Amino acid sequence: MSGLLDLLVFGDTAIDHFYEVDSFPKTNTAAEIFNSRKFYGGMGANTAVVAKSLGLSVGLVSVIGTDVEDYRRYLDNLGIELHLKGVFGDTTQSLFFKNNGSQISFFYKGVTEKLDELEPGKTFEKELIKRTSTVYLGRTYLNLQKKVVKSCRSKLLVYNPGYGVFEFTTIPEDFKQILSKTSVLILNQHELDHLMALGFKIGGSHGPKTTIITKGAKGCSVYGRNTEVDIGGFKTDVIDASGAGDAFNAGFIAGQVKGYDIFDSVRFGNATASFIVEAWGCQTNLADWDKVKNRFNSIK
């Protein structure tokens, strides 16, 4: 393929397992699972799939295990331009145990960690970045990401390091390098708190000009160099909040690609996430642009 892309995603693919439990057991005890579900997931793939549903032309650079050929076909059938490196082994598995709105999560890394070993010119051509307007980086594959950002001059570069930041005991130099090239940094409140404990400051010397802090049902805070603006969310019945952040990223990027300013793009992000939380799974209950725009109009 050689056409222009609105969005190029660098991120993981995964299989998500959701378990509803009657309680969270203490060590050396047990609890009953009374419902289980399995879905396609992964921070990168989730964002790519939702962005595609919003009408963007999307590419995905990732790795995938030999155990999920059905996932590859699914992504291909959606019309996402795939640059996947197949690796012998198991795809990442995410396990979410939920009880009355609380959650405990476990992650089996599987082959996804091979993302950090990808080299421009092998899994994907350097020209790929040149023909996209927006690049999205998911999680903290710092070795790959520091190479990608070198080719992202004049691109909208959106970075959401996600739960990868909790592995930091200090702020890595590679992370600072990536942030220095980032247009928009997206974190949730817990991730921000952890980074601030390590010395990170919004708008600081190694931060981007715009930082967005997502706060679940409370919406988002948008920080510029000297400004802070709070933007509300769309009130809806939450069935499963997993994947809300990935959907927000896709909706925000769609707003930017379509020419909206930062604040309206955040509203589109909140509106997009509101659909995903209404059903189980991170790639279910997908909405098109018209449906998202209807909800956008009610967010302040």
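Above this text sits the structure in question.
Given the structure is predicted, the values throughout are model-derived calculations rather than measurements. (Residues numbered from 1 in each chain as written. Predicted model: local features only at pLDDT ≥ 70, side-chain atom pairs only at ≥ 80, totals over all residues. Heavy atoms only, no water.)

Trainee: Tell me about the packing of aromatic side chains, and please be specific about residues and values.
Mentor: Taken as a whole and judged by the stated rule, the model has 18 aromatic pairs. Ring centres of Tyr159 and Phe175 lie 5.9 Å apart, and the angle between their planes is 55 degrees; this geometry places the pair in the tilted category. On the criterion of sequence distance, the pair formed by Tyr159 in strand E9 (residues 156-160) and Phe175 in helix H5 (residues 173-181) is long-range, its members being 16 residues apart. Just as Tyr159 is buried, Phe175 falls in that class too. Through a chain of ring-to-ring contacts, the aromatic side chains of Phe18, Phe39, Phe96, Phe107, Tyr163 and Trp280 assemble into a single cluster. Lying across the ring of Trp289, Lys258 places its NZ or CZ 4.7 Å from the centre. Residue placement shows Arg295 over the ring face of Phe275; its charged tip is 3.7 Å from the ring centre. (Phe/Tyr/Trp six-rings, centres within 6.5 Å; stacked < 30°, edge-to-face > 60°. Helix = DSSP H or I, 4+ residues; strand = E, 2+ residues; numbered from the N terminus. Buried < 20%, exposed > 50% of the residue type's maximum accessible area, 1.4 Å probe, protein only. Lys NZ or Arg CZ within 6 Å of the ring centre and 35° of its normal.)

Trainee: Please set out unusual backbone geometry residue by residue, giving values where relevant.
Mentor: Positive phi, close to 65 degrees, is recorded for Arg139, a residue that is not glycine. Among the structural elements, Arg139 can be located in the loop between strand E8 (132-138) and helix H4 (142-148). Residue Ser154 is not a glycine yet carries a positive backbone phi of 75 degrees. Taking relative accessible area as the criterion, Ser154 reaches 74% and is therefore assigned exposed.

Trainee: Just give me the short version of the side chain of Thr92, but keep the residues and values in it.
Mentor: With respect to the helices and strands, the residue Thr92 is situated in strand E6 (residues 92-99). A distance of 2.4 Å separates a polar side-chain atom of Thr92 from the backbone oxygen of Lys109. Within polar-contact distance, the side chain of Thr92 engages the side chain of Thr112 at 2.3 Å. (Polar contact = N/O pair within 3.5 Å; in protein donor to acceptor, adjacent residues only side chain to side chain.)

Trainee: Give me the sheet that holds strand E1 (residues 5-10): which residues, what numbers.
Mentor: Taking strand neighbours across the sheet as the criterion, the nine strands line up as E5-E4-E1-E8-E9-E10-E11-E12-E13 in an open arrangement whose pairing is mixed. Pairing within the sheet leaves two strands with one partner each, and these edge strands are strand E5 (81-87) and strand E13 (228-231). Direction aside, neighbouring strands of the sheet carry axes that sit 20 degrees apart on average. Judged from the five bridges that link them, E1 and E8 form a sheet pairing that is parallel. Bridge assignment links Val9 to a residue of E8, and that residue is Tyr136. Here H5 sits on the sheet and contacts E8, E9 and strand E10 (184-188); the angle it forms with E9, its principal contact strand, is near 140 degrees. (Pairing = 2+ DSSP bridges. Axes fitted to C-alpha atoms, helices over the stretch in contact; angles between N-to-C directions. Contact = heavy atoms within 4.5 Å.)

Trainee: Quick rundown of the pattern of salt bridges? Include the residues and the values.
Mentor: Taken as a whole, this structure holds 13 salt bridges when the rule is applied. Between Lys98 and Asp240 there is a salt bridge, and its shortest N-O distance comes to 2.9 Å. Taken as a pair, Lys98 in strand E6 and Asp240 in the loop between E13 and helix H7 (244-257) lie far apart in primary sequence, 142 residues in all. A relative accessible area of 13% places Lys98 in the buried class. We note a salt bridge from Glu127 to Lys130, for which the minimum N-O separation is 3.3 Å. Placement of both Glu127 and Lys130 in helix H3 (residues 126-130) is noted, with a separation of three residues, approximately one turn of the helix. Residue classification places Lys130 among the exposed residues on the basis of a relative accessible area of 56%. By sharing partners, the salt bridges in this structure join Asp12, Glu113 and Arg139 into a single network. (Salt bridge = Lys/Arg side-chain N within 4 Å of Asp/Glu carboxyl O.)

Trainee: Got a sec to walk through the side chain of Thr13? Specific residues and values, please.
Mentor: Mapped onto the elements of the fold, Thr13 is located in the loop between E1 and strand E2 (14-21). A polar side-chain atom of Thr13 sits 3.0 Å from the main-chain carbonyl oxygen of Val63. Apart from residues lying up to four places away in sequence, Thr13 is in contact with Gly41, Gly42, Ala45, Leu60, Ser62, Val63, Ile64, Tyr71, Thr91, Thr92 and Thr112.

Trainee: Now, about the pairing of strand E12 (residues 220-223): what can you tell me, with residues and values included?
Mentor: The alternating pattern of E12 places Cys220 and Val222 on one face and Ser221 and Tyr223 on the opposite face, and all of these are buried. Following strand E11 (residues 210-214), the chain reverses through five residues before pairing antiparallel with E12; Gly216 in that reversal takes a positive phi of roughly 60 degrees.

Trainee: How would you sum up the sheet that holds E2? Please name residues and give values.
Mentor: Here four strands make up an open sheet; going across it, the order is E3-E2-E6-E7 and the pairing mixed. Each edge of the open sheet carries a strand with a single partner, namely strand E3 (33-41) and strand E7 (102-108). The average undirected angle you get between the axes of adjacent strands in this sheet is 20 degrees. Sheet topology note: the E2/E3 ladder contains eight bridges and is antiparallel.

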